[in-house]
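What the coordinates show
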Amino acid sequence: MDRLPDDFADRIASLSCEHYVRRLPKKGKPVEGREWTLMATVLKQDEDGSLDVVAMGTGSKCIGQSKMRLEGDVLHDSHAEIIARRAFLRYLYHQLQVAYHGQHSAVFTAPGADCRCGLKPGVKFHLFTSHTPCGDASIFPKDGKSEETIDHGFVVQPETVPQASQNTLQPKTQKRKAENVCDQEQQNASKKLMSDNEFPHCLQGEKVSSTSDSHDKKLDEGNENEESSENKVKEGDTLCEKAKKTSEADVYRTGAKCVPGGLQDPLQGGLDYHQVGVLRTKPGRGERTLSLSCSDKLARWNVLGCQGALLSHFMTEPVYFSTIVIGRCPYSSDAMYRGVVHRCAGIQDLPPAYKLHQPSCVQSCLQFCHHREAVLEQSSTPDKLMPAPAAITDVSVNGYRQGATKKTMGSPQARVFTCRKELFETFKQLLNSLSADSRPASLRSEQLSTYGDYKRAAMDHHRAKTCFLRVFNTWIVSPDKYSDFT
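Parameters at a glance
- Residue numbering note: each chain is counted from 1, following its sequence as written.
- pLDDT decides what is reported in this predicted model: residues at 70 or higher carry local features, side-chain atom pairs at 80 or more are listed and counted, and totals for whole chains, interfaces and linings draw on all residues regardless.
- Side-chain metrics in this entry use all non-hydrogen atoms of the structure; hydrogen atoms and water are not considered.
- By definition, any uninterrupted DSSP run of H or I lasting at least four residues is a helix, any uninterrupted run of E lasting at least two residues is a strand, and each is numbered from the N terminus.
- For every residue, the accessible area (1.4 Å probe, protein chains only) is compared with the maximum for its type, and the residue is labelled buried under 20%, exposed over 50%, or partly exposed between those bounds.
- The accessible surface values rely on the Shrake-Rupley method and a 1.4 Å probe; as for residues, cover is taken only from the protein chains in view.
- Multiplying 1.5 Å by the helix residue count minus one yields the expected span of that helix.
- What makes two residues a contact is simply this: any of their non-hydrogen atoms within 4.5 Å.
- Working definition: rings of Phe, Tyr and Trp (its six-membered ring) pair if their centres are within 6.5 Å, and the pair is stacked with planes under 30 degrees apart, edge-to-face with planes over 60 apart, and tilted otherwise.
- Lysine and arginine charges are scored as sitting over a ring when NZ or CZ, respectively, is within 6 Å of the ring centre and within 35 degrees of the ring normal.
- Paired strands, as defined in this entry, are two strands with at least two bridges between them according to DSSP.
- For helices, the axis comes from a line fit to the C-alpha atoms of the stretch in contact; other axes are also lines fit to C-alpha atoms, and the angle between any two N-to-C directions lies between 0 and 180 degrees.
- Every residue carries a pLDDT, the predictor's confidence in it, which falls somewhere between 0 and 100.

**Things to note about the overall build of the chain**
Scanning the chain from terminus to terminus reveals 12 helices and 18 strands. A buried classification covers 58% of the 486 residues belonging to the chain. Carbon and sulfur atoms form 47% of the exposed surface of the chain, whose accessible area is close to 20600 Å².

Spelled out as structure tokens, the structure:
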């Protein structure tokens, strides 16, 4: 990895927050002093070092399984990082459309002999997120005993798991080392944890099923046993064995729940509360979701790329984030690398162009203006503080465009432009704009019809995904029926 300039993280954070304040309309933003949200951006860096925000998202919620639709017209996961990445996909589609039709693209070279486009030399992409990604990266030791801890902006009570129903930058003149980096005892605990138990037991051996029946059965079993530990935690697997026990020792907690079929959280006090290194699903509004945590999805993007299967048809190589920048909040470099990089170390036999990518993970000392802690400091009614109901790129509520009614459900008017259906429409527009002989070979079959068909036809991406799932063998794969739309 190239060494980053000392002010790089703050530059990324500053550009991201400035874009949020100046470029986004008020619609969908939190009510001042009463609501908070999470924000993420994707920035493009050119060969000359210049940086531009090319995608942004805000949000902190997920829908449960019962709210998912077969038509692909609702957002399942509205966490900021996920929305920003989906908005980034639209940016890539636009850049490919430009490149394929002989115009200047800021990202891609002209299509080659194989009718695919490559990334221009020197072009890099960076991800900024205003808070530590939910899930594994947010679990690490802290100083002192606490009545409550904060994960992804949500208050997590010691004995419970939270439900999601819960204007300027704020720079500090000095780095807050206690928040930017764990103290030495915390770092030693995390480092020892990784070296002693680098590959968690839940990531070994079990076959992933993508059928509806087996998936639903597995999810139901997880709901019945999520508060218990059928799979006994072996000695040395929890933070308890990795740090000195004291009456004051505790960890930052996550509301994301361990996936069914793997090791479960011990839910004991202090350092024994969480199991680390395991896959987790995000909490929903009263029911379990199928959405994996942001830590898990970032780990996946570091192997498969963040472009997804459909875009990979048109590209000679995956797109990886060169840097992940975290805004000011509780943060541990060790936990971050464990959550999004080191868990992937056992993946083997990836197809050409795919790799185990290791981004630089750094923290800025700048705090997002609508971060929960920032709003809390300014609020006159802190006990009434709540997450903003809307998610922004295109403003959505509960996965639909803000203002959608029961009458418009299922129509294009109710869809946000980052849902599966809209992204698939964008894919087909690009495909249909190309003559048969200028399409990549993987897209010339007349048998391809559904969203799922086109995803499976991206053979290298599919093989890379298979390698990934051999290690992350408890990953929840959505049933095929959710990919059968056209």
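From this point, the discussion proceeds with the structure in view.
**Focus on helix α1 (residues 8-23)**
Residues separated by three or four positions in an α-helix point in the same direction, a consequence of the helix having 3.6 residues per turn. Between its first and last C-alpha, α1 extends 22 Å over 16 residues, near the 22 Å set by a 1.5 Å rise per residue. For α1, the complete set of buried residues consists of F8, A9, D10, I12, A13, S16, C17, H19 and Y20. Its buried side turned inward, α1 meets β2 (39-45), β3 (51-58), β6 (124-129), β14 (321-326) and β15 (360-363).

**Overview of the packing of aromatic side chains**
Centre-to-centre distance and the angle between the planes together describe a pair of aromatic rings. Under the criterion given, the structure shown has 17 aromatic pairs. When the centroid spacing of 6.0 Å and the interplanar angle of 15° are considered together, the rings of F424 and F427 count as stacked. Taken together, the residues F424 and F427, both in helix α10 (residues 420-432) and three residues apart, mark about one turn of the helix. What links up through ring pairs into an aromatic cluster is the set Y100, F314, F424, F427, Y451, Y454 and F485. The ring of Y252 carries the charged tip of K142 above its face, separated from the ring centre by 5.0 Å. Positioned above the aromatic ring of Y273 is the side chain of R253, whose terminal nitrogen or guanidinium carbon lies 4.4 Å from the ring centre.

**Topic: the pairing of β2**
Most of β2 sits out of view: seven of its seven residues are buried. Of the two faces of β2, the one carrying M39, T41, L43 and Q45 and the one carrying A40, V42 and K44 are both buried. With seven bridges joining them, β2 and β3 adopt antiparallel strand pairing. Of the residues in β3, the one forming a bridge with Q45 is L51. Both β2 and β6 contribute to a ladder of six bridges, which runs antiparallel.

**Notes on the sheet that holds β3**
With mixed pairing, five strands are arranged side by side in an open sheet as β3-β2-β6-β14-β15. Since the sheet does not close on itself, it has two edges, and those belong to β3 and β15, each with one partner. On average, each strand axis in the sheet is tilted by 20° relative to the strand beside it, whichever way the strands run. Sheet topology note: the β6/β14 ladder contains five bridges and is parallel. Opposite H126, over in β14, you have T323 as the bridge partner.

**Here we look at helix α12 (residues 459-471)**
Taking 1.5 Å of rise per residue, 13 residues should cover 18 Å, and α12 covers 19 Å from first to last C-alpha, within 8% of that figure. When α12 is considered as a whole, its buried residues turn out to be H461, A464, C467, F468, L469 and V471. The secondary structure elements touched by the buried residues of α12 are α6 (294-304) and α7 (308-312).

**A look at the confidence of the model for the chain**
Considering every residue of the chain, the mean pLDDT works out to 78; 68% of them sit at 70 or more. Here residues 144-150 scores under 50 on pLDDT; set against residues more than four positions off or in separate chains, the count is 26 contacts. This stretch, residues 157-237, has a pLDDT under 50; its non-local contacts, to residues over four places away or in other chains, come to 186 contacts.

**Topic: unusual backbone geometry**
One non-glycine residue, C115, lies in positive phi territory at about 65°. Relative to the assigned elements, C115 resides in the loop between α2 (80-100) and β6. With phi around 60°, L267 is a residue other than glycine that occupies positive phi space. Locating L267 in the fold gives a position in the loop between β11 (257-258) and β12 (280-283). Judged by its relative accessible area of 18%, L267 falls in the buried class.

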